[in-house]
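Here's the letter readout for the chains.
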Amino acid sequence: MSACSRAGGSDTQAPAAADQGAATEIHLGYFPNVTHAAALVGLEKGFFAKELGATKLSTQQYNAGPDEVGALLGGSLDAAFIGSGPAINAFAKSEGQGVRLIAGATSGGAQLVVRNGITSAADLKGKTVATPQLANTQDIALKKWLSDNKLTVGTGAGDVKVTNADNATTLDLFKKGDIDAAWAPAPWSSRLVIEGGAKVLVDERSLWPDGKFPTTVLVVRTQFLQQHPQTVQALLKGELDAVDWAAANKADAETAVNDQLKKLTGKALAQNVIDDSWGQILLTTDPLASRFPELAKDQVTAGVVKTAPAVKGFADFTLLNKVLQAAGKPAVDAAGLDQK
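Residues numbered from 1 in each chain as written. Predicted model: local features only at pLDDT ≥ 70, side-chain atom pairs only at ≥ 80, totals over all residues. Heavy atoms only, no water.

**A word on the nonpolar core**
Defined as follows: The set of buried Ala, Val, Leu, Ile, Met, Phe, Trp, Tyr and Cys residues whose side-chain atoms join them within 4.5 Å is what this entry labels a nonpolar core. Using a 1.4 Å probe on the protein chains alone, a residue whose accessible area is under 20% of its type maximum counts as buried, one over 50% counts as exposed, and one in between counts as partly exposed. Between two residues, a contact is recorded if the distance between any of their heavy atoms is within 4.5 Å.
Grouped together as the largest cluster of nonpolar side chains are 93 residues, with contacts concentrated most on Leu112, Leu124 and Phe314. Among residues more than four places away in sequence, those in contact with leucine 112 are Leu124, Val129, Leu142, Trp145, Ala181, Ala182, Trp183, Lys199, Val200, Leu201 and Val202. Membership of the second largest hydrophobic core comes to 10 residues, among which are Val113, Ala184, Leu192 and Ala198.

What follows is the structure, given as structure tokens:
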């Protein structure tokens, strides 16, 4: 159990905790997706284990962010690679107490792919589009995009029906003709195109300045961060090592990710799928903090919440910037997210 679980419940309203030195164990969550490549490389190549030393690393995989949020706020996870939308939700649900954004992981890597014959937003009227989970990062992105294109979510003839299914099920549904489109993360967007015959209608990078947006970030329980900053810093150093190694060793990094995916899912990706997926993403420890106010507003536009969640105080890049400075790299900009 995590420290929070041993203490008997969620740490969402926990008082400030004192530094207790290195943790004996850290529970880390992530997804078996290419968009979580920083985590997959860190695990496969031993970068996390090396930096954590005597601290035991326990891992748990998830299909989508909302389930991971429950584990974080319930105390069964200490840190998590997670989508930006659920990360914001975790902060909001805990009234700004439960979690802190401590690093980025991936920019890009999400697409709206559609059946042949669908060439515009208007063509989606009366069609069914899948996302991984209600209120997950891709679900919010889809509903925001539909709203921007004056389309409504519903079951009427002029509406777009949005259904939620895990990524593997979405691929099966698309092949069977039960859904018409999906807003999916890599590698599933690539698999839908290559294996399912889908076409890319929207690459989410096209919707953001400079083509950059935080698909995956790293968050930590606030209490764990306060109690074990040494362990959190080690985790961040392991992530930076993984990101740097992947940038310098593209082919080997693809292989490392594929090896992890085979261990987790029982099947490796075809080489053309991993190549296509890799081309969609940028691994970076920069969480692109300036995007978060807009991402919070998008949740309102998407109909996920009525009021945009506050993101002030969400970020704490103190340890990340220490790690970056030690590596001779520039600090990341908190864009005011570190100020309450």
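**Considerations on the sheet that holds strand S2 (residues 56-61)**
For the record, the criterion: At least two DSSP bridges between two strands are required for those strands to pair. Going along the chain from the N terminus, every DSSP run of H or I of four or more residues is numbered as a helix, and every run of E of two or more is numbered as a strand. Geometry is summarised by axes, namely lines fitted to C-alpha atoms with helices restricted to the contacting stretch, and by angles between N-to-C directions that run from 0 to 180 degrees.
If you walk across this open sheet you meet the six strands as S2-S1-S3-S10-S4-S11, and the pairing is mixed. Where the open sheet ends on each side, the last strands, each with one partner, are S2 and strand S11 (281-283). Strand-to-strand twist in this sheet, taken as the mean axis angle between neighbours without regard to direction, amounts to 25°. Bridge count between strand S4 (residues 99-108) and S11: three bridges; the pairing is antiparallel. Bridging across to S11, threonine 106 finds its partner in leucine 283. Along the sheet face, helix H10 (residues 229-248) touches strand S1 (25-30), strand S3 (79-83), S4, strand S10 (214-221) and S11 and points at about 5° away from the line of S4.

**Points about the sheet that holds strand S7 (residues 161-164)**
Spatial ordering of the open sheet is given by S7-S6-S8-S5-S9, a layout of five strands whose pairing is mixed. In this open sheet, the two edge strands, each paired with only one partner strand, are S7 and strand S9 (199-203). With strand direction ignored, the average angle separating the axes of adjacent strands in the sheet is 25°. On the sheet, helix H6 (residues 137-148) packs against strand S5 (110-114), strand S6 (128-131), S7, strand S8 (181-185) and S9 and is oriented at approximately 135° with respect to S8.

**Examining the pattern of salt bridges**
Worth spelling out the cut-off: Salt bridge, as used here, is a side-chain nitrogen of Lys or Arg placed within 4 Å of a carboxyl oxygen of Asp or Glu.
Going through the model one piece at a time under the given rule, you end up with 13 salt bridges. A salt bridge links lysine 237 to aspartate 241; its shortest N-O distance comes to 3.0 Å. Within this pair, lysine 237 and its partner aspartate 241 are both found in helix H10, separated by four residues, close to a single helical turn. Linking lysine 329 and aspartate 244 is a salt bridge whose minimum nitrogen-to-oxygen distance equals 3.5 Å. On the criterion of sequence distance, the pair formed by lysine 329 in the segment after helix H14 (318-326) and aspartate 244 in helix H10 is long-range, its members being 85 residues apart. Residue classification places lysine 329 among the partly exposed positions, given a relative accessible area of 31%.

**Details of the packing of helix H2 (residues 37-44) against helix H11 (residues 250-265)**
Rule in force here: For classification purposes, angles smaller than 35 degrees are called roughly parallel, those larger than 145 roughly antiparallel, those between 65 and 115 roughly perpendicular, and all remaining angles oblique. The residue classification treats Ala, Val, Leu, Ile, Met, Phe, Trp, Tyr, Cys and Pro as nonpolar and Asp, Glu, Lys and Arg as charged. All others, Gly included, are polar.
At a closest axis distance of 9 Å, the pairing of H2 and H11 adopts a crossing angle of 85°. Between H2 and H11, the angle is such that the two are roughly perpendicular. Along the contact surface, H2 presents Ala37, Leu40, Val41, Leu43 and Glu44, while H11 presents Ala253, Ala256, Val257, Asp259, Gln260, Leu261, Lys263 and Leu264. Its residues placed into classes, the contact of H2 with H11 shows nine nonpolar, one polar and three charged.

**Focus: the confidence of the model for the chain**
Atom-level detail of predicted coordinates should not be read off regions where pLDDT is low. We apply this condition: Every residue is assigned a pLDDT by the predictor, reflecting its confidence on a scale from 0 to 100.
Looking at the chain, the pLDDT average stands at 94 and 95% of residues meet or exceed 70. For residues 1-14, every residue scores under 50 in pLDDT, and the model assigns this stretch 34 contacts once sequence neighbours within four places are set aside.

**Side note on the side chain of threonine 55**
Note on placement: threonine 55 falls in the loop between helix H3 (47-52) and S2. Contact partners of threonine 55, with chain neighbours within four places excluded, come to Ala22, Ala23, Thr24, Glu25, Ile26 and Thr231.

**Considering the packing of aromatic side chains**
Quick reminder of the rule: The criterion for an aromatic pair is that two Phe, Tyr or Trp rings (for Trp, the six-membered ring) have centres within 6.5 Å, with stacked assigned to planes under 30 degrees apart, edge-to-face to planes over 60 apart and tilted to the rest. Whether a charge sits over a ring comes down to the Lys NZ or Arg CZ being within 6 Å of the ring centre and within 35 degrees of the ring normal.
All chains considered together, the criterion is met by six aromatic pairs. Seen in terms of ring centroids, phenylalanine 47 and tryptophan 245 are 6.1 Å apart; in terms of plane orientation they differ by 55°. Their pairing is tilted. Residue phenylalanine 47 is found in helix H3, and its partner tryptophan 245 is found in helix H10; the two are separated by 198 residues along the sequence. A network of ring pairs unites the aromatic residues Phe91, Phe292 and Phe314 as a single cluster. Over the ring of phenylalanine 174 we find arginine 115, and its NZ or CZ is 4.1 Å from the ring centre.

**Re the pairing of S7**
What counts here: By convention a crossover is right-handed if, when the strands point away from the viewer, the path from the first strand over the helix to the second runs clockwise.
Two elements, S6 and S7, share four bridges in a ladder whose sense is parallel. Each residue of the ladder has a partner; that of valine 129, found in S7, is valine 162. Between S6 and its parallel partner S7, the chain crosses via H6, and the hand of that crossover is right-handed.

**Focus: the environment of glutamine 339**
Summarising the element assignment, glutamine 339 is placed in the segment after H14. Separated by 51 residues in sequence, glutamine 339 and leucine 288 place their C-alpha atoms 16 Å apart. Residues in contact with glutamine 339, not counting those within four places in the same chain, are Lys312 and Gly313.

**Regarding unusual backbone geometry**
Each neighbour pair has its own omega, and for alanine 186 with proline 187 the value is 10°, a cis peptide bond. With respect to the secondary-structure elements, proline 187 resides in the loop between S8 and helix H8 (188-194). If you check the backbone angles, alanine 135 has positive phi at about 70° while not being a glycine. For alanine 135, a relative accessible area of 12% translates into the label buried. Even without glycine at this site, leucine 288 takes up a positive phi of about 55°.

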